Amino acid sequence: MENIIIEVKELNTYFDESHILKDVYLDIPRNAVTSLIGPSGCGKSTFLRTLNRMNDVIPTFKKEGTIFLDGKEIYDPDVDVVDLRKRVGMVFQKPNPFPKSIFENVAYGLRVHGNNDKNDLERRVEASLKEAALWDEVKDKLDDSAMGLSGGQQQRLCIARTIAVEPEVILMDEPCSALDPISTTKIEDLIHKLKNEFTIIIVTHNMQQATRVSKYTAFFLHGEIVEKGLTDKIFIEPEDKRTEDYITGRFG
Amino acid sequence: MISMPRIISPHHAQKIMNVVLWGVGFLAIVILIIIIGYILYNGLPQFSLEFIFGNPVGSGESGGIWPMIVSTFYVTFIALIVATPLGVLAAIWLAEYAGESNLVKAIRFAAETLASIPSIVFGLFGLTFFVVFLQMGFSVLSGGLTLALMAIPTILRTAEVSIEAVPQSYKEGSLALGASKWQTIYRVVIPAAIPGITTGIILGMARAIEETAAILYTVGAALAIPMSIWDPARPLPLHLYILATEGVSLPNAYGTAAVLVLIILIITISTNYLVEKYTKKMMGR
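Residues numbered from 1 in each chain as written. Chains lettered and ligands numbered in written order. Predicted model: local features only at pLDDT ≥ 70, side-chain atom pairs only at ≥ 80, totals over all residues.

## Details of the overall build of chain B
Alright, step 1. Within chain B, the regular secondary structure consists of 11 helices and two strands.
Alright, step 2. Going from N to C terminus, chain B has its helices and strands arranged as α-α-β-β-α-α-α-α-α-α-α-α-α.
Alright, step 3. For chain B, the C-alpha atoms occupy an extent of roughly 80 × 55 × 35 Å along the three principal directions.
Alright, step 4. Counting every position in chain B, which comprises 285 residues, the buried fraction comes to 40%.
Alright, step 5. Within chain B, residue pairs in contact and separated by at least 24 positions form 73% of the contacts whose partners lie at least 6 positions apart. (Helix = DSSP H or I, 4+ residues; strand = E, 2+ residues; numbered from the N terminus. Buried ≥ 20, exposed ≤ 12 C-beta atoms within 10 Å, placed from the backbone. Contact = placed C-beta atoms within 7 Å.)

In structure tokens, the structure reads:
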């Protein structure tokens, strides 16, 4: 049995009356990449945003069922959501650096969590940028605005910003959908590098990407998980007809 | 394809509209230049060291306007240090915390109404409330607070709009890193909205610095330099008004107007420059 970091049981979510996720069960193995695939509107992103409680800001959001992170229910009243998001970081679909310098973007999470030691910040910013394979491109212009970087660089900066706070899990919501193929390759290489240290959950519309980067895959359809398991297994011999139809491009 | 008989081809329409739009834009600038030019043309000949830095003689027939320049900065400063925090904090509350209740709609409506109330009404309120009821008398403080009331709605609305214009993705990025809502607001949202907030403060300041009616009943009309916030004063617009309406000295009225116009120009241009520099640093272009 794999080492499980996140355990989702009987998860149902709603926005107002509309039932988004239906009886979702999913175990996320530690220090591996799990892909969430499925057609638009199938609930993948909602699922992802439930894991770091980003849906909390939407007043009509309602959740039933349990989500355990290392055995602790993350929606318990005694869980500090700030603490949770420190442990479960997120990279968004569209690169969203802050309109600040490159340095301040990466230092942001550390500053927010009370680290103001200049030397320590410099050390961690450098380490994070190196880990995100961006250091060589930006080391001479750390004080320049992050908004001046290319889309791919901005996305790697967002990854650097996320790993700077040393999360255990990184959620990635279609991180390459706004990027060109070369930038996409760089992000995928980066995911390969990061998976030894972090648990990565990635939503993707790109089947090839799922096979390239992930060890596990879950296929969502109409808010339910149709099939889940090893990526190789799902893509080579899916058990469910609907999975096969989707991955061979017959719908979605 | 159905072809409709055209009165004018798109190509010609484009050309005509180009001329019209350029013409209107040009006209607006020309009018502005004529007004400012006229004031400066009549006012600048009055300029001398004595006029700028001297005390008025009599009720302003000759001598200088230094006390009025000081008074202007004094009341405007009071107005801004009161109106800026109130306006900006209220804007943050409206944009980020208040939601969309009926109370909020009422507040927004009230702010919009306040922004369009004639300034003489503010003056009257300042007279009854600050001068008489709170017993502040005719003073820099009464005048400054009255001007603050006028500036608040302007600052509030502009700041609110610019805070709301900050992309949701910045906020999500910050929250996802474990920042609290307030950390997100003061570390990401406000810095991103600073150019808009500054514009609001400048608009509020412009409203305060050029205001006559609102201070007419509240600040007194003293000719001496106010030494404290309790002293009466005579800001430039009020001095200008008195010089012109009481027929004291038309040339000095133009001189005073020119000083006022130059002060406003200097403040606006230098703020624009700083905002542009800030935006460039923030956005990298």
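After presenting the structure, the write-up continues.
## Brief notes about the sheet that holds strand 8 (residues 199-203) of chain A
Residue and element names in this part refer to chain A.
Alright, step 1. Pairing is mixed in the open sheet, where six strands are placed in the order 6-7-8-3-9-10. With partners counted over all chains shown, the strands left at the sheet margins are strand 6 (88-91) and strand 10 (224-230), one partner each. Shown here is a sheet whose adjacent strand axes are inclined to one another by a mean of 15°, direction ignored.
Alright, step 2. Of the pairings in the sheet, the one linking strand 7 (residues 169-173) to strand 8 comprises five bridges and is parallel in character. Directly across from M172, in strand 8, lies its bridge partner I202.
Alright, step 3. Running over the sheet, helix 6 (residues 151-164) touches strand 6 and strand 7 and is turned about 170° from strand 6. (Pairing = 2+ DSSP bridges. Axes fitted to C-alpha atoms, helices over the stretch in contact; angles between N-to-C directions.)

## Let's talk about the interface of chain A and chain B
Alright, step 1. Contacts between the two partners involve 22 residues from chain A and, on the opposite side, 18 residues from chain B.
Alright, step 2. Looking at the side of chain A that touches chain B, the elements that each hand over two or more residues are helix 2 (81-87), strand 6 and helix 3 (102-112) of chain A.
Alright, step 3. In terms of residue class, the side of chain A that touches chain B is built from 10 nonpolar, seven polar and five charged. (Nonpolar A, V, L, I, M, F, W, Y, C, P; charged D, E, K, R; others polar.)

## Quick word on the pairing of strand 7 of chain A
Residue and element names in this part refer to chain A.
Alright, step 1. When you tally the buried positions in strand 7, you get five out of five residues, the bulk of the element.
Alright, step 2. Across four bridges, strand 6 lies against strand 7 in parallel orientation. Across the sheet, G89 pairs through a bridge with I170, a residue of strand 7.
Alright, step 3. As for the winding sense of the linkage, the β-α-β connection from strand 7 through helix 7 (residues 181-194) to strand 8 is right-handed. (Right-handed = clockwise from strand over helix to strand, strands pointing away.)

## Topic: the sheet that holds strand 5 (residues 72-73) of chain A
All names here are of chain A.
Alright, step 1. The four strands lie next to each other as 2-1-4-5, forming an open sheet whose pairing is antiparallel. Across the chains shown, the open sheet's two edge strands, defined by having one partner strand only, are strand 2 (18-29) and strand 5.
Alright, step 2. Where strand 1 (residues 4-15) meets strand 2, eight bridges bridge the pair, whose relative direction is antiparallel. Looking at the pairing, L11 lines up with V24 of strand 2.
Alright, step 3. Here helix 1 (residues 44-51) sits on the sheet and contacts strand 1, strand 2 and strand 4 (61-69); the angle it forms with strand 2, its principal contact strand, is near 65°.

## Let's talk about unusual backbone geometry
Alright, step 1. Residues other than glycine seldom take positive phi values, yet E166 of chain A does so here, at roughly 55°.
Alright, step 2. Structurally, the position occupied by E166 of chain A is in the loop between helix 6 and strand 7.
Alright, step 3. A positive phi angle, close to 55°, is found at Q135 of chain B, a residue other than glycine.
Alright, step 4. Relative to the elements of secondary structure, Q135 of chain B occurs in the loop between helix 5 (119-133) and helix 6 (140-164).

## A word on helix 3 of chain A
Alright, step 1. Burial analysis of helix 3 of chain A places nine of its 11 residues in the buried class, which makes it a mostly covered element.
Alright, step 2. Within helix 3 of chain A, burial applies to I102, E104, N105, V106, A107, Y108, G109, L110 and V112 of chain A.
Alright, step 3. Where the residues of helix 3 of chain A are buried, they touch helix 4 (118-131), helix 5 (135-138) and helix 6 of chain A together with helix 8 (181-209) of chain B.
Alright, step 4. Positive phi shows up at G114 of chain A, right after helix 3 of chain A, with a value of about 95°.

## Thoughts on the packing of helix 4 of chain A against helix 6 of chain A
The axes of two packed helices give the description: the angle between them and the distance between them.
Residues and elements named next belong to chain A.
Alright, step 1. Closest axis-to-axis distance for the helix 4/helix 6 pair is 8 Å, and the angle between their directions is 130°. It follows from the interaxial angle that helix 4 and helix 6 lie oblique. Crossing of helix 4 against helix 6: the hand is right-handed. The residues of helix 6 that touch helix 4, namely those facing R124, V125, S128, L129 and E131, are A160, I163 and A164.
Alright, step 2. Looking at the contact of helix 4 with helix 6, its residues break down into five nonpolar, one polar and two charged. (Parallel < 35°, antiparallel > 145°, perpendicular 65-115°, else oblique. Left-handed = near helix turned anticlockwise from the far one by under 90°.)

## Some thoughts on the pairing of strand 3 (residues 33-37) of chain A
Note on strand geometry: in a regular strand, side chains alternate between the two faces of the sheet.
Residues and elements named next belong to chain A.
Alright, step 1. For strand 3, a buried count of five out of five residues is recorded, marking the element as mostly surrounded by other parts of the structure.
Alright, step 2. Across the two faces of strand 3 the burial is the same, with V33, S35 and I37 and T34 and L36 all buried.
Alright, step 3. Examined bridge by bridge, strand 3 and strand 8 share four bridges and lie parallel to one another. By the bridge assignment, L36 is partnered in strand 8 with V203.
Alright, step 4. Bridging between strand 3 and strand 9 (residues 216-221) involves four bridges; their strand directions are parallel. By the bridge assignment for strand 9, L36 is matched with A218.

## With respect to the environment of F73 of chain B
All names here are of chain B.
Alright, step 1. Mapped onto the elements, F73 comes out in helix 3 (residues 66-97).
Alright, step 2. Accessibility expressed as a C-beta count within 10 Å gives 14 for F73, which makes it partly exposed.
Alright, step 3. C-alpha separation for the pair F73 and I209, spaced 136 residues apart in sequence, amounts to 7.9 Å.

## So, the packing of helix 4 (residues 102-115) of chain B against helix 6 of chain B
Residue and element names in this part refer to chain B.
Alright, step 1. Where helix 4 contacts helix 6, the two axes come as close as 8 Å, and the packing angle between them is 125°. As the angle between them shows, helix 4 and helix 6 are arranged oblique. Where helix 4 crosses over helix 6, the handedness of that crossing is left-handed. Packed against helix 4, whose contacting residues are A111, E112, L114 and A115, the element helix 6 presents P153, T154, L156 and R157 at the interface.

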